[in-house]
Amino acid sequence: MRAAERRYYDRRAPEYDEWWSGFGLFVERDRPGWHDEVGELERVLSALPAGRILDVACGTGFLTQHLPGDVTGLDQSAAMLGVARSRCPEVRFVQGDALALPFDDRSFDLVFTGHFYGHLRETDRERFLTEARRVAPVLVVADSAYRHGVAAEEDQERVLNDGSRYTIYKRYLTPAGLAAELGGGETLMDGEWFVVVQA
């Protein structure tokens, strides 16, 4: 991850959850069915088998809080982890690199990542998948669904509440396309806004 992107996530941490909840700059955004799908996504994650779960790029812990079992969250951003620790005091959080996971082989039963995979360019995707497969036999990826009217892949300008602007790489995924990239998998959610695939 480039230095500018790291700064973006550190600075966005206090306002990141506004994207999920529809506050701040997202109040006026037209997202029909969004809140229902967020609820469905939370139920899908809660239904995963309880075990040793690693949440890679856990951010503020918004999704982490719904994972069952013995959960560890990892993120490169200290600011994001500060929010996550307040939200999920029972979860162990580690600051580290998602492309060089600081864990032994087969340390976990399952790796989960939400809205991280879709920000990775091809070389980094390969590195992440190698690392995820090394530390756990099961991988669950949740990300943004491809839908009519959006580019499948683009550099997006992101504006924070203070007006600062950053360029972030973003992809939108179909369940079939995501499963193919993961080497096969089962679709757990196929929504207008979110897709979840288990490999």
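Before any of the text, the structure's been laid out above.
Predicted model only: the values in this text are computed from it and were never measured.

(A) Fine view of the sheet that holds strand β1 (residues 51-56). Reading across from one edge, β3-β2-β1-β4-β5-β9-β8 is the order of the 7 strands in this open sheet, with mixed pairing throughout. Only two strands of the sheet have a single neighbouring strand rather than two, namely β3 (92-95) and β8 (186-190). This sheet shows a mean twist of 20° between the axes of neighbouring strands, independent of strand direction. Here helix α3 (residues 34-46) sits on the sheet in contact with β4 (110-114), β5 (138-144), β8 and β9 (194-198), set at roughly 15° to β9.

(B) Summary view of the environment of Gln 95. Relative to the assigned elements, Gln 95 resides in strand β3. In this structure the C-alpha to C-alpha distance between Gln 95 and Ser 77, which are 18 residues apart in sequence, comes to 6.9 Å. From its side chain, Gln 95 meets the backbone oxygen of Gln 76 in a polar contact 3.0 Å long.

(C) Region of interest: the side chain of Asp 143. Inspection of the secondary structure puts Asp 143 in strand β5. For Asp 143, a relative accessible area of 0% translates into the label buried. A polar contact is formed between the side chain of Asp 143 and the backbone nitrogen of Tyr 117, at a distance of 3.5 Å.

(D) Focus on the nonpolar core. Formed by 36 residues in total, the largest nonpolar core has its most connected members in Trp 20, Leu 41, Phe 112 and Phe 194. Of all elements in the fold, only α1 (3-12), α2 (17-21), α3, α4 (78-87), β4, β5, β7 (165-171) and β9 reach the threshold of two or more residues within this core. Once residues lying within four places of it in the same chain are set aside, the contact partners of Phe 194 are Trp 19, Trp 20, Trp 34, Glu 37, Val 38, Leu 41, His 115, Asp 143, Ala 145 and Met 189. Counting 28 residues, the second-largest nonpolar core is a separate cluster that includes Phe 108, Phe 128, Ala 136 and Val 197.

(E) Representation of α4 within the structure. Every buried residue of α4 is accounted for by Met 80, Leu 81 and Ala 84. Projected onto a plane normal to the axis of α4, the buried residues spread over an arc of 95° and lie on a single side. The elements touched by buried residues of α4 are α1, β2 (69-75) and β3.

(F) Spatial organisation of the packing of aromatic side chains. The final tally for this structure, using the stated rule, is 13 aromatic pairs. Centroid distance Trp 20 to Trp 34: 6.4 Å. Interplanar angle 40°. Geometry classified as tilted. Pair noted here: Trp 20 is in helix α2 and Trp 34 is in helix α3, with a separation of 14 residues, a long-range link. Taken as a pair, Trp 20 and Trp 34 share a single burial class, namely buried. For the pair Phe 116 and Phe 128, a centre-to-centre distance of 5.5 Å together with 80° between the ring planes defines the contact as edge-to-face.

Definitions and cut-offs
Residues numbered from 1 in each chain as written. Predicted model: local features only at pLDDT ≥ 70, side-chain atom pairs only at ≥ 80, totals over all residues. Heavy atoms only, no water. Pairing = 2+ DSSP bridges. Helix = DSSP H or I, 4+ residues; strand = E, 2+ residues; numbered from the N terminus. Axes fitted to C-alpha atoms, helices over the stretch in contact; angles between N-to-C directions. Contact = heavy atoms within 4.5 Å. Polar contact = N/O pair within 3.5 Å; in protein donor to acceptor, adjacent residues only side chain to side chain. Buried < 20%, exposed > 50% of the residue type's maximum accessible area, 1.4 Å probe, protein only. Core = buried A, V, L, I, M, F, W, Y, C linked by side-chain atoms within 4.5 Å. Arc of directions from axis to C-beta. Phe/Tyr/Trp six-rings, centres within 6.5 Å; stacked < 30°, edge-to-face > 60°.

Distances and angles like these do not, on their own, reveal function.
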